[in-house]
Amino acid sequence: MPSDLFSCGTTAATTAGDAAGGSSALTWLFPILLIVIFVVMIIVPNKRREKKFKDMMDSINVGDQIKTIGGFYGKVVSIKEDLVTIECGPDDTKLVISKSAIASVESFEGGAEVNPK
C-alpha cells in the first residue's frame, strides 16, 4: 500500500509540533486566569476593607461612642496620636487604649448613649 493514502500531505513531526504549541498556550492561560481571579476575589476586597477601617480610625472624635475588640463600650474623652481615653462603666472609669483596639465607632448626636446617667 502506498503511504500517500494515510499521510494527507503532512508529516507526523509537524502535526505533533502544532498540537504541542496549541496546548502550550492553554497551559499558560489557566495559571494566568487563576492569578487574575485570585487578585479580584481576595486582594481587592481586602484593600477596600483596610481603607474603610483607616477612614474610621481617622474620623474618631471626642464624644463618639466606641466598642473595643475586648467588648468594652465607652465614650471617647480625649485623643492623643495613637492613644484614646474612654469613659466606661457605671462609675465612668477612664481607660486609655490604643486606636488599634477599637472595633467600631458610632457617632451619636443627640441619640441614645451607652452610659445614661
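Values in this document were obtained by computation on a predicted structure and should not be read as measured data. (Residues numbered from 1 in each chain as written. Predicted model: local features only at pLDDT ≥ 70, side-chain atom pairs only at ≥ 80, totals over all residues. Heavy atoms only, no water.)

Below, the discussion takes up the pattern of salt bridges. Inspection of every chain in the model, using the stated rule, returns two salt bridges. Note that Asp-55 is salt-bridged to Lys-51, the shortest N-O span being 3.3 Å. Remark: Lys-51 and Asp-55 occur in helix α2 (residues 12-58); sequence separation between them is four residues, near one turn of the helix. For Asp-55, a relative accessible area of 41% corresponds to the partly exposed category. Ionic pairing is found between Asp-58 and Lys-54, a salt bridge with its closest N-O pair at 3.1 Å. (Salt bridge = Lys/Arg side-chain N within 4 Å of Asp/Glu carboxyl O. Helix = DSSP H or I, 4+ residues; strand = E, 2+ residues; numbered from the N terminus. Buried < 20%, exposed > 50% of the residue type's maximum accessible area, 1.4 Å probe, protein only.)

Turning next to unusual backbone geometry. Positive phi is not limited to glycine here, since Glu-81 has a value of about 45°. Mapping Glu-81 onto the fold places it in the loop between β2 (73-80) and β3 (83-88). For Glu-81, a relative accessible area of 76% translates into the label exposed. Unusually for a residue other than glycine, Asp-92 sits at a positive phi of about 50°. Its place among the elements puts Asp-92 in the loop between β3 and β4 (93-98). Overall, the relative accessible area of 17% leaves Asp-92 in the buried class.

Of all hydrophobic cores here, the largest spans 10 residues; its members are Met-56, Met-57, Ile-60, Ile-66, Val-76, Val-84, Ile-86, Ile-97, Ile-102 and Val-105. In contact with Ile-86, not counting residues within four places along its chain, are Ile-66, Thr-68, Lys-75, Val-76, Val-77, Thr-93, Lys-94, Leu-95 and Ile-97. (Core = buried A, V, L, I, M, F, W, Y, C linked by side-chain atoms within 4.5 Å. Contact = heavy atoms within 4.5 Å.)

Our focus in this paragraph is the sheet that holds β2. Read from one edge of the open sheet, five strands run β4-β3-β2-β1-β5, paired in antiparallel fashion. The open sheet has two edge strands with one neighbour each: β4 and β5 (102-106). Each adjacent strand pair in this sheet contributes to an overall mean axis angle of 40°, direction not counted. Relative to β5, strand β1 (residues 65-68) is paired through four bridges, and the arrangement is antiparallel. (Pairing = 2+ DSSP bridges. Axes fitted to C-alpha atoms, helices over the stretch in contact; angles between N-to-C directions.)

Just distances and angles here, no functional claims.
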